[in-house]
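Structural overview
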Amino acid sequence: MTGLRERQKADRTRRILEAASTLFRERGYGAIRIDDIAHAAEVSVGTLYNYFATKGDLLLAIVSMEVEEVLESGKALVAAPPPDPAEALSRLVGIYYDHSLYYLSKEMWRTAMAISIEAPDTPFSARYTALDGMLAQQVCDLILELQRRGYARPCVDPVAMGQVIFNNLNQMFIEFVKQDDMPVATLHAATDRQHVVLAEMLAPR
C-alpha cells in the first residue's frame, strides 16, 4: 500500500511539473499563476501547494528534473568513453546542452538562476546547487575513466581538470541562455573548439 501511495505521489508530482513546464514555455514564467498550473495538471490548488510552496519552487524543481535526466544519460558515456578525450568531452557536454531546452526555455533558465542566487537557503535552491556539483563530478569521473583506460595522461589531476572544464561549460551555458538568438549549434561549436585545447593537455604523450 505504501508503494502505491509513493507511485501516486510521484506520478502527481511529474504531472504538475510537466504542466508547469509547458505553460511557462508557452506563455512565459511571469504570466502563469499557480491556479493555471493546477488546472492544467488536473489537481486542486491546495494539492499543488502541498507539493510546492511557490512558483519559484516549481521552476527549480523542473530544473532538478532536467539535470537528473542528463546525469542519467551521461552514465553510459562515462562508463565506456571513446578513446579521444576531445570527442569524449564533446559527447558528454553535448548531452547536457542538447537536453537543456527540453523542459525549460532560455527565459526559464534565467529566472531559475536568479532565484537560486537570491534565495540560496531554500530546499530547492540547495538542490539546484547540489545538482550542479553532481554534473561537475560526472565530468571528473569521465576524466578518471579516460585515465583508467590509458586514454588520458595519469599525471593530470582529474578533479582540478574536471572542475575547470565544468566551470567553463557552465559559463558558456550562461552566455547561451542570455542570448535569445543564439542557437545550440553555436554553443556546441564554441565549446568543441575549447575542448580540443583542453584535450591536448589530457592526451597521452
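For every chain, the first residue of the written sequence is number 1, and numbering continues from 1 along that sequence. Local features in this predicted model are restricted to residues of pLDDT 70 or higher, and side-chain atom pairs are both shown and tallied only at a pLDDT of 80 or more, whereas totals for entire chains, interfaces and linings draw on every residue. Hydrogens are left out, water is left out, and the side-chain values use all remaining heavy atoms of the structure.

Structural notes on the side chain of Glu145
Helix and strand definitions here come from DSSP, where helices need a minimum of 4 consecutive H or I residues and strands a minimum of 2 consecutive E residues; each element is numbered from the N-terminal end. In this fold, Glu145 is placed in helix α7 (residues 123-148). Note on definitions: a residue-residue contact is assigned when non-hydrogen atoms from the two residues lie within 4.5 Å. Every residue in contact with Glu145, bar those within four places of it in the chain, is listed here: Val78, Ala79 and Pro81.

A few points about the environment of Arg205
Looking at where Arg205 falls in the secondary structure, it is placed in the segment after α9 (184-202). In sequence terms Arg205 and Leu71 are 134 residues apart; their C-alpha atoms lie 31 Å from each other. Those residues in contact with Arg205, other than ones at most four positions away along the chain, are Arg153 and Glu200.

Quick word on the UniProt feature "DNA-binding region" (unreviewed entry) in the protein chain
Under the feature "DNA-binding region" (unreviewed entry), the UniProt entry names residues 33-52. The span residues 33-52 shows a helical share of 75% and a strand share of 0%, and its end C-alpha atoms are spaced 13 Å apart. UniProt positions are given in the numbering used here, feature names are shortened, and annotations may be inferred rather than shown by experiment.

Some thoughts on the pattern of salt bridges
In what follows, salt bridge is the name for a side-chain nitrogen of Lys or Arg lying within 4 Å of a carboxyl oxygen of Asp or Glu. Counted under the stated rule, the structure contains 11 salt bridges. One salt bridge connects Arg14 with Glu69, and the closest N-O pair in it is separated by 3.1 Å. Remark: Glu69 occurs in helix α4 (residues 55-79) and Arg14 occurs in helix α1 (residues 2-27); sequence separation between them is 55 residues. On the basis of relative accessible area, Arg14 is assigned to the partly exposed category, the value being 31%. Glu69 gets classed as partly exposed once you look at its relative accessible area, which sits at 22%. Here Arg127 ties to Glu68 by a salt bridge, and the two come within 2.8 Å at their closest N and O atoms. Exposed residues in this analysis have more than 50% of their type's maximum accessible area, buried residues have under 20%, and partly exposed residues fall in between, with area computed by a 1.4 Å probe over protein chains only.

Concerning the environment of Asp35
Inspection of the secondary structure assignment puts Asp35 in helix α2 (residues 34-41). C-alpha of Asp35 to C-alpha of Leu135: the two residues are 100 residues apart in sequence and 33 Å apart in space.

Comments concerning the packing of aromatic side chains
To pair, rings of Phe, Tyr and Trp, with the six-membered ring standing in for Trp, must have centres within 6.5 Å; the planes then decide the type, stacked if under 30 degrees apart, edge-to-face if over 60, and tilted in the middle. Evaluation of the coordinates by the stated rule reveals five aromatic pairs. With a centroid separation of 6.1 Å and 15° between ring planes, the pair formed by Tyr97 and Phe173 is classed as stacked. A residue pair is termed long-range when its members are at least 10 positions apart, and Tyr97 in helix α5 (residues 85-99) and Phe173 in helix α8 (residues 158-178) qualify at 76 residues. For Phe173, a relative accessible area of 8% gives the class buried. Among the aromatic residues, ring-to-ring pairing joins Tyr97, Trp109, Phe173 and Phe176 into one connected group. Over the ring of Tyr29 we find Lys55, and its NZ or CZ is 4.5 Å from the ring centre. Above the plane of the ring of Phe176 lies Lys106, whose end atom (NZ or CZ) is 3.9 Å from the centre. Charge over a ring is defined by NZ of Lys or CZ of Arg lying within 6 Å of the ring centre and within 35 degrees of the ring normal.

Looking at α4
The end-to-end C-alpha separation of α4 is 37 Å, in line with the 36 Å expected for 25 residues at 1.5 Å each. Counted as a polar contact is a pair of N or O atoms within 3.5 Å, where, for protein atoms, one must be capable of donating a hydrogen and the other of accepting one, and residues adjacent in sequence contribute only when both atoms are in side chains. Between a side-chain oxygen at the N-terminus of α4 and the backbone nitrogen of Gly56 the separation is 3.3 Å; the capping residue is Thr54. Multiply 1.5 Å by the residue count of a helix minus one, and that product is the helix's expected span.

Some points on the packing of α4 against α7
To get an axis, fit a line to the C-alpha atoms, keeping to the stretch in contact for a helix; angles then go from 0 to 180 degrees between the N-to-C directions. Put simply, α4 and α7 touch, their axes get as near as 9 Å, and they point 10° apart. Between α4 and α7, the angle falls in the class roughly parallel. Considering the relative orientation of α4 and α7, their crossing is left-handed. Split by residue class, the contact of α4 with α7 holds 15 nonpolar, four polar and six charged. Angular relationships are summarised with four words: roughly parallel below 35 degrees, roughly antiparallel beyond 145, roughly perpendicular across 65 to 115, and oblique for the angles in between. In this scheme the handedness of a crossing depends on how the near helix is turned from the far one: anticlockwise by less than a right angle means left-handed, clockwise means right-handed. Charged residues are taken to be Asp, Glu, Lys and Arg, nonpolar residues to be Ala, Val, Leu, Ile, Met, Phe, Trp, Tyr, Cys and Pro, and polar residues to be all remaining types, Gly included.

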